[in-house]
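One-letter residues, chain by chain:
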Amino acid sequence: MKHAFIIQAHNYPEQLCEIVTLLSSENHYFFINIDKKVDDRPFRNALNGLKNIFFTEGKARTCVNHAGFSQILCTLRLLDMAYSMDMAYYHSLSGQDFPCVDNKTFDDFFGTCGNRSYMHYDSPEEAFVWSKSKYPNRYRRYYAYDMPGRNHIWVKAIVKILNSMFTMLPERPEIKNVAAGWSWFSWHKQVVGYVFDYLKSNPAFLLRFKYTACCDEVIFHTMLNGLEDKLNIEKYNCLRFIEWHPKRVYKKLPLVLKETEYEEIINSGSFFCRKIHPVESKQLKIMLKKHISFLT
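Here's a quick rundown of the structure. (Residues numbered from 1 in each chain as written. Predicted model: local features only at pLDDT ≥ 70, side-chain atom pairs only at ≥ 80, totals over all residues. Heavy atoms only, no water.)

1. A short note on the overall build of the protein chain
Consideration 1: Counting secondary structure elements, the protein chain contains 13 helices and ten strands.
Consideration 2: The C-alpha atoms of the protein chain give 19 Å as radius of gyration, which agrees with the globular expectation for 296 residues (19 Å, within 12%).
Consideration 3: Overall, the protein chain is about 55 × 45 × 45 Å in size when its C-alpha atoms are taken along their principal axes.
Consideration 4: Expressed as a percentage of the 296 residues in the protein chain, the buried residues total 50%.
Consideration 5: For the protein chain, restricting intrachain contacts to residue pairs at least 6 apart in sequence, the fraction spanning at least 24 positions comes to 76%.
Consideration 6: With the model as given, the accessible surface of the protein chain reaches about 14,800 Å², and the carbon-plus-sulfur share is 56%.
Consideration 7: Computed over 39 positive and 31 negative side-chain charges, the separation of the two mean positions in the protein chain equals 6 Å. (Helix = DSSP H or I, 4+ residues; strand = E, 2+ residues; numbered from the N terminus. Rg over C-alpha atoms; globule rule 2.2 N^0.38 Å. Buried < 20%, exposed > 50% of the residue type's maximum accessible area, 1.4 Å probe, protein only. Contact = heavy atoms within 4.5 Å. Areas by Shrake-Rupley, 256 points an atom, 1.4 Å probe, with all protein chains shown as cover. Lys, Arg positive; Asp, Glu negative; His and termini not counted. Charge placed at Lys NZ, Arg CZ, Asp CG, Glu CD.)

Next comes the structure, spelled out in structure tokens:
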């Protein structure tokens, strides 16, 4: 069974090498987009010598802007690269998602789960509340997050001004059956095939998410909403540990994980944890590597 890891990265090349090295196996393939805003040479050098590595090249290489439509495009381009090589499973990751189990445990699980797919929808209680304001604010308003040069201070200022001005424009129409959740997933190929078939038949659906905000957390959940039984999707488990309700002081969410979260991560049954930082999470990474080595 071949697994595709589609990875979006923009910093920490050495940490990306750690992640890929831990996941490396003959049946594991890595499809990586290095943000077009940064120099990709440190990442290529860090991964040099590792097998089954494929980078986006040319026009396929995406300039990914946080909260922008570019995040959706990048995911689709990476999925397309991997789908052309007939993978069984597709796992979306960033350069700050760290493995929590060894490769045998990982492969054995997906080899015996009955072609089930894993993603995370907002709970019914959350969806009921957020459907009134949070969701519409993301897809009914206009946003300029994909303006070129977002890494420059003055461009960030212009984006902020434009987004404020756009609030005076009429809202766009509602989207039927809207749903949202975490953007990270582990999909069986039947789900990926469905996504591409749907977008081919409904190109306007994809374009509807241009100039929106954080709709990488909306588009696929909406597209697949109500198809959980048909496509064998686990709705409330994406096999990732992410801390949105931390018990300690934090700068922003999701929480940058440290060794204090180790036991909770291990006991969660997750295969990946995020966010991991090269310095702040150094001790946690050591502990996770030791745990993985023990399982091997």
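From this point, the discussion proceeds with the structure in view.
2. Things to note about a nonpolar patch on the surface
Consideration 1: Together, I161, M165 and M168 give the surface a local cluster of nonpolar side chains, amounting to about 350 Å² of exposed area.
Consideration 2: Note on placement: M165 falls in helix α7 (residues 153-166). (Patch = residues over 30% accessible without salt bridge, like charges linked within 9 Å, V, L, I, M, F, W, Y side chains within 5 Å. Salt bridge = Lys/Arg side-chain N within 4 Å of Asp/Glu carboxyl O.)

3. Observations concerning the pattern of salt bridges
Consideration 1: In total, this model carries 15 salt bridges according to the counting rule given.
Consideration 2: Two residues, R41 and D39, come together in a salt bridge whose shortest N-O distance is 2.9 Å.
Consideration 3: In this structure, E261 engages R248 in a salt bridge whose closest nitrogen and oxygen atoms are separated by 2.8 Å. Within this pair, whereas E261 is found in the loop between β9 (240-242) and α12 (262-267), its partner R248 is found in the loop between β9 and α12, the two being separated by 13 residues in sequence.
Consideration 4: For E261, a relative accessible area of 7% translates into the label buried.
Consideration 5: Classification of R248 as partly exposed rests on a relative accessible area of 23%.
Consideration 6: Because the salt bridges share partners, they merge into one network encompassing D40, R44, E57 and R61.

4. Quick word on unusual backbone geometry
Consideration 1: Here the residue pair L253 and P254 is connected by a cis peptide bond, since its omega of 0° sits within 30 degrees of zero.
Consideration 2: Inspection of the secondary structure puts P254 in the loop between β9 and α12.
Consideration 3: For the bond from R274 to K275, the omega torsion is 10°, close enough to zero to count as cis.
Consideration 4: Residue placement: K275 occurs in the loop between β10 (272-274) and α13 (282-295).
Consideration 5: Phi at L239 takes a positive value of approximately 65°, unusual for a residue other than glycine.
Consideration 6: In this fold, L239 is placed in the loop between β8 (233-234) and β9.
Consideration 7: Relative accessible area serves as the criterion here: at 5%, L239 is assigned to the buried category.

5. Examining the nonpolar core
Consideration 1: Ranked by size, the top nonpolar core spans 39 residues in total, and within it F31, I72, W187, V195, F209, I219 and L224 carry the most contacts.
Consideration 2: At the level of secondary structure, the elements contributing two or more residues to this core comprise β1 (3-9), β2 (28-34), α3 (69-83), α6 (134-139), α8 (189-201), α9 (203-207) and α10 (219-224).
Consideration 3: When residues of this core are assigned to their parent elements, the largest contribution, seven residues, is made by α3.
Consideration 4: Setting aside chain neighbours within four positions, we find F31 in contact with A4, F5, I6, I7, F54, L78, M81, A82, M85 and M87.
Consideration 5: I7, F43, V101 and Y262 belong to the second-largest nonpolar core, a separate cluster that totals 37 residues. (Core = buried A, V, L, I, M, F, W, Y, C linked by side-chain atoms within 4.5 Å.)

6. Section: the packing of α3 against α8
Think of two packed helices as two axes; the pair is described by the angle between the axes and how far apart they sit.
Consideration 1: One way to put it is that α3 packs onto α8 with a least axis distance of 11 Å and a crossing angle of 120°. With respect to each other, α3 and α8 are oriented oblique. Between α3 and α8 lies a crossing whose hand is left-handed. Of the residues in α8, those in contact with L76, L79, D80 and Y83 of α3 are K189, V192, G193, V195, F196 and L199. (Axes fitted to C-alpha atoms, helices over the stretch in contact; angles between N-to-C directions. Parallel < 35°, antiparallel > 145°, perpendicular 65-115°, else oblique. Left-handed = near helix turned anticlockwise from the far one by under 90°.)

7. Observations concerning the packing of aromatic side chains
Consideration 1: All chains considered together, the criterion is met by 21 aromatic pairs.
Consideration 2: Pairing Y83 with Y90 gives two aromatic rings, centres 6.2 Å apart and planes at 45°, and the pair type is tilted.
Consideration 3: Residue class for Y83 comes out partly exposed when judged on its relative accessible area of 36%.
Consideration 4: Taking relative accessible area as the criterion, Y90 reaches 0% and is therefore assigned buried.
Consideration 5: Positioned above the aromatic ring of Y29, the side-chain terminus of K2 is 5.6 Å from the ring centre. (Phe/Tyr/Trp six-rings, centres within 6.5 Å; stacked < 30°, edge-to-face > 60°. Lys NZ or Arg CZ within 6 Å of the ring centre and 35° of its normal.)

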